[in-house]
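# Close look at the chain arrangement
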Amino acid sequence: MTLAQAPHGFLSPAGVEIAFLLVGLLTLGAALVTVTTRQLVHAALWLVVALGGLAVEYLLLTAEFIAWVQVLIYVGSVVVLLLFGLMLTKAPIGRSPDADSGNRWAALTVAVASAVALVWVVVDAFRTTWIDLDGPAAGTTEVTGASLFRHWVLPFEALSVLLLAALVGAIVLSRKAKADAEGEGDGKAGADGKAKADALPAAPGKEGAR
Amino acid sequence: MNDVLDVALRLLVVFAVFLTFPLIVGQTEHKVMAHMQGRLGPMYAGGFHGWAQLIADGVKFAQKEDVVPAGADRRVFQLAPAVALLPYLLVLLAIPIGPGEGAVGQVLDAGVFFVLAVMGVGVLGSLMAGWASANKFSLLGGLRTAAQLLSYELPMLLAAASVAMAAGTVSLPGILHAFHWWWLPWQIVGAIVFFVAGLAELQRPPFDMPVADSEIIFGAYTEYTGLRFALFLLAEYAGIVVLCGLTTVLFLGGWHGPWGADGLGWVWTLLKTAILAFLVIWLRVTYPRLREDQLQKLSWTLLVPLSLAQIALTGIVKVVIS
């Protein structure tokens, strides 16, 4: 990020700044609708709008690479996963009467607290920094890659270990659930078999558990 | 003023390509399929070998009533075809067809990521359609679409990443500038993985489980009629154009040709794209539909390991030659 020489004021915004604000408001609005709407699938679709708006904000901040990765990962994969999950449930068309949570005040508190913390950190860090739009682009793939793998390698590697741990954890959890189910099946079949004086083999019980 | 004219002209050309090329692919599919099956295909519309068949189809679709089922989620239902179609228009903007500055709609710094990201958004249209139709066949189609996308997005990305590694850039024209003929054997595994995964993402046969007409009518599009249905069909053929163009640019060297390509680069690009499009049609006529478990198995046990192996190979060769 480079410091432009000319002084900037908040009272004479450029076109880009106005666009940034408008997209920001749209994103905020979409995010609010996402958490308040009672139609589950609509919430997921509003989430698409919010995440897409965020990608546009990245674009306006000249971070092209981050913007496309945002669309690729969040809109293209996470929301598809969400919709896949919703389609497996009985999400009705129209309002879900039980879509409200009793925790909403706690959730609101946490959300506001984290928003305040984030805004505070960002404002404190970039108080008078302006992106020089006329100079070389500050957020190209090359610049992003260089700063990521020169200055931020340690956090990057730590993050990859975290993701690996999450992946292994997911596999262990899913395998354990399966093994438990099989174990129960075996145990039942064994108990039945004893009760009926070894009349039944264990296999049918195992198949049933699956 | 000149800049504005330039931008307008580019957008106009891309839009014209977007409107005509999918129709050409569609018409070719009619004729090629017919001849492969020992038929003639459309022969009457337009006079000469039924060249105007798809225009006639378009007129027919436009005349049909636009029905929205009573139980459907109206707005999502009506929005879905646009969400399915528009991403392909955006992708076309970024595909370079010639070496010059003027031969691409818009040069993007992270072109590979742009095209893959935006293509992924198109699938949201099918999901919206599948859910909003209030029809169990549509819902099943939507589910299958999502499952298919989740498993095939990964190998596609990995294969594209391999080319980006080889070229040392993620810009599409940049990749083509770095291209040499020996990349063809070097990246061939990645090319096949990319093409197959792309076919699966477009839900083309043999990966058309989400629209399997003999089991779930037409999947997510079951309830659609008239123009909106035509838009979904157009999205499919635009997807073929985009996929073939991308495979050409990423793996087959785009505008590079064996006998020098001065001034004729765009011919090579179009020729390679057309051959790939023919291949897509050929595959449709040749292979039976894969079952859902076979689909998942193919992706996770074959395509993902192959693309990872391709990335390893790319890395090794890259280190050796540098």
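Just so we're clear, the structure is a prediction, and the values are computed from it rather than from any experiment.

### Notes on the overall build of chain B
In terms of helices and strands, chain B carries 12 helices and zero strands. Across chain B, helices and strands are ordered from the amino to the carboxyl terminus as α-α-α-α-α-α-α-α-α-α-α-α. Computed over the C-alpha atoms, the radius of gyration of chain B is 20 Å, within 12% of the 20 Å expected from 2.2 N^0.38 for a compact globule of 322 residues. Projected onto the principal axes, the alpha-carbon positions of chain B cover approximately 65 × 50 × 45 Å. Expressed as a percentage of the 322 residues in chain B, the buried residues total 50%. Within chain B, contacts between residues at least 6 apart in sequence are counted, and of these 77% link residues at least 24 apart.

### Concerning the overall build of chain A
In terms of regular secondary structure, chain A is built from seven helices and zero strands. Its helices and strands taken in sequence order, chain A reads α-α-α-α-α-α-α from the N to the C terminus. In chain A, which comprises 210 residues, the share counted as buried stands at 16%.

### Things to note about the confidence of the model for chain A
Any region with low pLDDT has predicted coordinates that should not be read closely. Residues and elements named next belong to chain A. Per-residue confidence for chain A averages 76 on the pLDDT scale, and 75% of its residues sit at or above 70. The lowest-confidence element of chain A is helix 7 (residues 203–209), averaging 37 in pLDDT; the highest-confidence one is helix 4 (residues 104–125), averaging 90. Within the model, the stretch residues 1–5 combines pLDDT values under 50 with 10 contacts to residues more than four positions away or in other chains. pLDDT under 50 marks residues 185–210. Its contacts with residues more than four places away, or in other chains, come to 24 contacts.

### Some remarks on the environment of V168(A)
All names here are of chain A. Within the secondary structure, V168 sits in helix 6 (residues 153–195). Owing to 10 C-beta atoms within 10 Å, V168 belongs among the exposed residues under this scheme. Along the chain, V168 and V33 lie 135 residues apart, while their C-alpha atoms are 35 Å from each other.

### So, the interface of chain B and chain A
With 27 residues of chain B at the interface, the matching set in chain A holds 20 residues. At the level of secondary structure, the elements contributing two or more residues to the side of chain B that touches chain A comprise helix 4 (111–132) and helix 5 (136–167) of chain B. If one sorts the elements of the side of chain B that touches chain A by residue count, helix 4 of chain B sits on top with 12 residues.

### Regarding the nonpolar core
Ranked by internal contacts, the top residues of the largest apolar core, which has 122 residues, are V91(B), F113(B), L116(B), M128(B), A160(B) and F194(B). Looking at this core element by element, the count peaks at 17 residues for helix 10 (residues 226–251) of chain B. The residues touching M128(B), leaving out its near neighbours within four places in the chain, are L45(A), V76(B), L79(B), A80(B) and V83(B).

### Digging into the packing of helix 5 of chain B against helix 8 (residues 188–202) of chain B
All names here are of chain B. Relative to each other, helix 5 and helix 8 sit at 150°, their axes nearing to 8 Å. Judged by the angle between their axes, helix 5 and helix 8 are roughly antiparallel. Relative to helix 8, helix 5 is oriented so that their crossing is left-handed. Of the residues in helix 8, those touching helix 5 at Q148, L149, Y152, P155, M156, A159, A160, S162 and V163 are G190, V193, F194, A197, G198, A200 and E201. Across the contact of helix 5 with helix 8, the residue classes tally to 11 nonpolar, four polar and one charged.

### Some remarks on the UniProt feature "transmembrane region" (unreviewed entry) in chain B
All names here are of chain B. Those residues carrying the UniProt feature "transmembrane region" (unreviewed entry) are residues 7–26, 79–98, 110–133, 154–176, 182–200, 229–253, 265–286 and 298–321 in this numbering. This span, residues 229–253, is 92% helix and 0% strand, and a straight line between its end C-alpha atoms measures 35 Å. Measuring from the first to the last C-alpha atom of residues 298–321 gives 33 Å, for a span that is 100% helix and 0% strand.

Rules behind the numbers
Numbering of residues starts from 1 in every chain and runs along the sequence as written. Here the convention is simple: chains get letters from A, ligands get numbers from 1, in the order in which they are written. Reporting of local features is limited, given that this is a predicted model, to residues whose pLDDT is at least 70; pairs of side-chain atoms are given and counted only at 80 or more, and all residues count toward the totals for whole chains, interfaces and linings. Helix and strand assignments come from DSSP, with helices taken as H or I runs of at least 4 residues and strands as E runs of at least 2, each series counted from the N terminus. Here the globule rule is a power law, 2.2 Å times the number of residues to the power 0.38, and the radius of gyration is based on C-alpha atoms. Counting other C-beta atoms within 10 Å of a residue's own tells you its class, since 20 or more makes it buried, 12 or fewer makes it exposed, and anything in between is partly exposed; those C-beta atoms are placed from the backbone. Residues are scored as being in contact if the C-beta atoms we place from backbone atoms lie within 7 Å. Predictor confidence is given residue by residue as pLDDT, running from a minimum of 0 to a maximum of 100. Defined on buried residues, the nonpolar core groups Ala, Val, Leu, Ile, Met, Phe, Trp, Tyr and Cys residues joined through C-beta atoms within 7 Å. The axes are straight lines fitted to the C-alpha atoms, using for helices just the contacting stretch, and the angles between their N-to-C directions are given from 0 to 180°. Comment on the angle field: the value is read as roughly parallel under 35 degrees, roughly antiparallel over 145, roughly perpendicular from 65 to 115, and oblique elsewhere. Each crossing gets its handedness from the near helix: less than a right angle anticlockwise from the far helix is left-handed, clockwise is right-handed. Residues are sorted three ways: Asp, Glu, Lys and Arg are charged, Ala, Val, Leu, Ile, Met, Phe, Trp, Tyr, Cys and Pro are nonpolar, and all the rest, Gly among them, are polar. UniProt positions are given in the numbering used here, feature names are shortened, and annotations may be inferred rather than shown by experiment.

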